[in-house]
Amino acid sequence: GISAVSGGGTYRYGKKISISAATMTGYNFAKWTNEDGSTLSNNSTVNNIEVTDNARYITNATIQSFPVTVNVRYQDENGNWGNYSKVISKNYNYGETVTYRRVADDTYKEINYVEEVKGAITKYIDIERKKYTQIVKVRFENADGSFTDYSEAARQDKYYGSKFSWSRNADAVYKAASVAEYTVTGDRTSEITLYRNVYTITVNGDSHVTKTSGSGS
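The rules behind each value
Residues numbered from 1 in each chain as written. Predicted model: local features only at pLDDT ≥ 70, side-chain atom pairs only at ≥ 80, totals over all residues. Heavy atoms only, no water. Pairing = 2+ DSSP bridges. Helix = DSSP H or I, 4+ residues; strand = E, 2+ residues; numbered from the N terminus. Axes fitted to C-alpha atoms, helices over the stretch in contact; angles between N-to-C directions. Core = buried A, V, L, I, M, F, W, Y, C linked by side-chain atoms within 4.5 Å. Buried < 20%, exposed > 50% of the residue type's maximum accessible area, 1.4 Å probe, protein only. Contact = heavy atoms within 4.5 Å.

Q: I keep staring at the sheet that holds strand β12 (residues 131-140) and nothing clicks. Help me out?
A: Strands pair in a sheet through their backbones, by hydrogen bonds, and they do so in one of two ways: parallel or antiparallel. In spatial order, the strands read β13-β12-β16; together these three strands make up an open sheet with mixed pairing. Every other strand in the sheet has two partners, leaving β13 (151-159) and β16 (188-194) as the edge strands with one partner each. Shown here is a sheet whose adjacent strand axes are inclined to one another by a mean of 20°, direction ignored. Across eight bridges, β12 lies against β13 in antiparallel orientation. Considered in β13, the bridge of Ile 135 is made with Arg 155.

Q: Help me understand the nonpolar core in this model?
A: Generally speaking, a soluble globular protein has its nonpolar side chains buried in company with each other. In terms of nonpolar packing, the biggest core is built from 16 residues, with Val 98, Tyr 100 and Ile 125 touching the most fellow members. Elements supplying a minimum of two residues to this core: β7 (65-74), β8 (85-93), β9 (97-102), β10 (111-116) and β11 (121-127). Once you skip the residues sitting within four places of it in the chain, Tyr 100 turns out to touch Val 72, Tyr 74, Val 87, Ile 88, Ile 111, Asn 112, Tyr 113, Ile 125 and Ile 127. Counting residues in each nonpolar core, the second largest holds 13 residues, with Tyr 132, Tyr 182, Val 184 and Ile 192 among its members.

Q: What am I meant to see in unusual backbone geometry here?
A: Generally, phi is negative for residues other than glycine and the peptide bonds are trans, each holding for most cases. A positive phi angle, close to 60°, is found at Asn 48, a residue other than glycine. Looking at the element boundaries, Asn 48 is found in strand β5 (residues 45-50).

Following this line, the structure appears as structure tokens:
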């Protein structure tokens, strides 16, 4: 933790000297001690030390410690955010690494937060919910009973755990159709067939008509 010291050397008896020390970034000066461990001074610079014998002075430094708080919040199935909660709350020494990782799963994306401590840290992390694509494809019944190719009728990116449904109202040509509501847990494609309405045609003749044709549905 000490980056430099000065004041050492060879001096004549009775000379008054000064010693000083500088600390590395991330450290605090602690004290100067004598060789026997007793404290000489709590100041990084000591003046007017009289030389009367060989002596050895030792300087000490302590690493700085900083409070670190990491807070996370989660996104719900509607895209709304919950409240932050603490996942890390403690002191770290200067130069240490803060790490918070959450592996991706079906519901949430991966989080991998890493930061070197150089001071107090308060970190807020948003854990995003995954989205999955919901597709509805439809094909139509032709008048002769054949079918068209499937074409895309709906596409939505929905959060995991949200609800999805699709419907088409009946009209003069086609019957109603729908995809029943379900909970989204992954990508999904639903294929729906739209059937034509069937109408009955009846052909009748009065008493003078001997034969009719064309009835059906």
